[in-house]
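In case you want the letters, here they are:
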Amino acid sequence: MMPLCIFLVLLGEICQVPAVDKTSGITQDSGVITAEVGQTVTLKCYCQDNSVTFLSWYQQSLGGKPLIVSTRMQHNSEATISPAYKGRFQVLAGKGKGINHLVIKELLPSDSATYYCGILEFNAIEFGQGAFLHVKTSLSNIHAVVHQPALETLQWGDSVNLSCTVYAEKCAGEQNLYWFRHGVAQPAIMYHNAGQCMKDSHMENCTLNLAIKSVSSSDAGMYYCALASCGEIVFGQGTKVKIAGSTKGPSVLVYCLSVALAVSIILLFVLALVMYKLKKKICSVCKGTVSHLTCSAASDTTQSQDADALHYAALSLNRTRERHRQEESLESVCVYSRVKTSRVK
């Protein structure tokens, strides 16, 4: 059982491949996409699965629920746009190519959100990793600065606490702090964090932390600290997390598991050989015992045949009481008389 477990773990480590920018049959733009107000942006999505029935786009604002933007059938190039998005939103579709791109014209600050490409397959809805669209304005209504370190170099299995500092003027609206990450191996995941803030009459100073434990290659990428305030989003320059020697960890583990598996297999062969020799020895002893028992049985048969010709004679001796007392201390001796007769045929 132990070699089997080691083999399964080893197989899992060998077959482990880096995550790609793909979920099921969907391949879409991911991470953080930055554009200016008034520009046109195209969010790409591909689906090569012919069993898909419908293709859709969804928009999720910060702190909001996903809202459907468009829907179309796989083999129909015409998409249905939701009333709230008609005019500036349109879908580029290609028959047989699985193209389902979303085009947004004349960008507005309110278009800043996460956009997901989704498919309907066998009554199950699946989503791509999602792309966060950040629409920047030339004239900002808020004055805020986001500071964060530029690079964090970590070793495989280390833990880190990313931090950033936000300086912002007080705003009448609600202020929220977020963490975004952008990398090849993961989607633009958002971490909402209240942070630790110190307020005075004009400015607000907040510190935002993000703990990452036991880092691996999938944690590599850019991590952005952002402030959402007064309908706008202010991003920091981003912290690049780099995993040094990321390929060393798995190779060492695979090497150790390979050695353990080889040792286990050798031990199994040795034990099998010992068991075989022991079984062979026991069988030879069993065969010798059977032969001995057979011979004993034959001897008993002969003796039983001879026993038919034995005659016993009982001798009765009359001894006086005095002589009997004298011989009490003597050892009693039994004498048998055997008379062998030959049968006349």
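Quantities reported herein were computed from a predicted structural model and do not represent experimental measurements.

Novice: So what exactly am I meant to see when it comes to the overall build of the chain here?
Specialist: The helix and strand tally for the chain stands at 3 helices and 22 strands. For the chain, with 345 residues in total, the buried portion stands at 31%. Considering only residue pairs separated by 6 or more positions, the chain has 63% of its internal contacts joining residues 24 or more positions apart. A total of about 22600 Å² of accessible surface is found on the chain, and carbon and sulfur atoms cover 58% of it.

Novice: Got a minute to help me understand the pattern of salt bridges in this structure?
Specialist: Where side chains of opposite charge bring their charged atoms close, a pairing between them can arise. The final tally for this structure, using the stated rule, is 2 salt bridges. The shortest N-O distance in the salt bridge between Arg88 and Asp111 comes to 2.9 Å. Of this pair, Arg88 sits in the loop between strand E7 (80–81) and strand E8 (89–94) while Asp111 is found in the loop between strand E9 (99–104) and strand E10 (113–121), placing the two residues 23 residues apart along the sequence. Overall, Asp111 belongs to the buried group, its relative accessible area being 3%.

Novice: In this structure, what is going on with the layout of surface pockets? I would like to understand it.
Specialist: Picture a little ball the size of a water molecule; that probe, rolled over the atoms, points out where space is still empty. In this structure, the largest pocket encloses a volume near 510 Å³. Forming the walls of the largest pocket are 27 residues, and the residues nearest its centre are His134, Val135, Glu232, Ile233 and Val234. For the lining of the largest pocket, the secondary-structure elements that each account for two or more residues are strand E2 (31–36), strand E12 (131–136), strand E16 (175–182), strand E20 (221–229) and strand E21 (232–235). The dominant element in the lining of the largest pocket, judged by the number of residues it contributes, is E21, at 4 residues. Considering only residue class, the lining of the largest pocket consists of 13 nonpolar, 11 polar and 3 charged.

Novice: Looking at this model, I keep getting lost on the confidence of the model for the chain. Mind explaining?
Specialist: Interpreting fine coordinate detail is not advised for predicted regions of low pLDDT. The predicted model of the chain has a mean per-residue pLDDT of 75, with 69% of residues at 70 or higher. Of all the helices and strands in the chain, helix H3 (residues 321–326) carries the lowest mean pLDDT, 50, while strand E3 (residues 41–43) carries the highest, 95. Confidence drops under a pLDDT of 50 for residues 13–23, and excluding neighbours within four residues, the segment shows 19 contacts in the predicted structure. The model gives residues 307–313 a pLDDT under 50, and that stretch makes 11 contacts with residues more than four places away or in other chains.

Novice: Looking at this model, I keep getting lost on the state of the cysteines. Mind explaining?
Specialist: Among covalent bonds in proteins, the disulfide is the one between the sulfur atoms of two cysteines. In this structure the tally under the stated criterion is 2 disulfides. Each disulfide pairs two cysteine sulfurs, and for Cys45 the partner residue is Cys117, the sulfurs being separated by 2.0 Å. Disulfide Cys45-Cys117: the torsion about the S-S bond is -65°, which places it as left-handed. With Cys45 in strand E4 (residues 45–47) and Cys117 in strand E10, this residue pair connects regions lying 72 residues apart in the sequence. Given a relative accessible area of 0%, Cys117 falls into the buried group. The disulfide partner of Cys164 is Cys225, and the gap between their sulfur atoms is 2.0 Å.

Novice: What is the right way to look at the nonpolar core in this model?
Specialist: Where a protein is soluble and globular, its nonpolar side chains tend to be buried together. Among the nonpolar cores identified, the biggest contains 25 residues, and Trp57, Leu102, Ile104, Tyr115 and Leu133 are the most heavily contacted of them. Mapped by element, the contributors of at least two residues to this core are E2, E3, E4, strand E5 (54–60), E8, E9, E10 and E12. Among the elements that make up this core, the one with the highest residue count is E10 (4 residues). Ranked by size, the runner-up nonpolar core spans 22 residues in total, among them Val166, Cys206, Leu208 and Leu227.

Novice: Would you mind going over the sheet that holds strand E13 (residues 144–147) with me for this structure?
Specialist: To summarise the sheet geometry, strands pair through backbone hydrogen bonds and adopt either a parallel or an antiparallel arrangement. Pairing in this open sheet of 4 strands is antiparallel, and the strands run E13-E15-E19-E18 from one edge to the other. At either end of the open sheet lies a strand with only one pairing partner, and these are E13 and strand E18 (196–199). Going from strand to strand, the sheet's axes swing by 15° on average, the running direction of each strand aside. Pairing geometry for E18 and strand E19 (residues 203–212), over 4 bridges, is antiparallel. Bridging from a neighbouring strand, Met198 pairs with Asn205 of E19.

Novice: So what exactly am I meant to see when it comes to unusual backbone geometry here?
Specialist: Trans peptide bonds make up the majority, and among non-glycine residues the majority have a negative phi. In the Ramachandran plot, Glu106 falls in the positive-phi region, its phi being about 50° despite a non-glycine side chain. Here Glu106 lies in the loop between E9 and E10. Residue Glu106 is classed as exposed on the basis of its relative accessible area of 53%. If you check the backbone angles, Ser214 has positive phi at about 50° while not being a glycine. Along the chain, Ser214 turns up in the loop between E19 and E20.

What counts and how
- Residues numbered from 1 in each chain as written.
- Predicted model: local features only at pLDDT ≥ 70, side-chain atom pairs only at ≥ 80, totals over all residues.
- Heavy atoms only, no water.
- Helix = DSSP H or I, 4+ residues; strand = E, 2+ residues; numbered from the N terminus.
- Buried < 20%, exposed > 50% of the residue type's maximum accessible area, 1.4 Å probe, protein only.
- Contact = heavy atoms within 4.5 Å.
- Areas by Shrake-Rupley, 256 points an atom, 1.4 Å probe, with all protein chains shown as cover.
- Salt bridge = Lys/Arg side-chain N within 4 Å of Asp/Glu carboxyl O.
- 1 Å grid on protein atoms, 1.4 Å probe; cavity = no way out; pocket = protein on both sides within 12 Å on 5 of 7 lines; lining within 4 Å.
- Points joined across faces, edges and corners; volume = space filled by probe spheres on them.
- Nonpolar A, V, L, I, M, F, W, Y, C, P; charged D, E, K, R; others polar.
- pLDDT = per-residue confidence, 0-100.
- Disulfide = S-S within 2.5 Å.
- Core = buried A, V, L, I, M, F, W, Y, C linked by side-chain atoms within 4.5 Å.
- Pairing = 2+ DSSP bridges.
- Axes fitted to C-alpha atoms, helices over the stretch in contact; angles between N-to-C directions.

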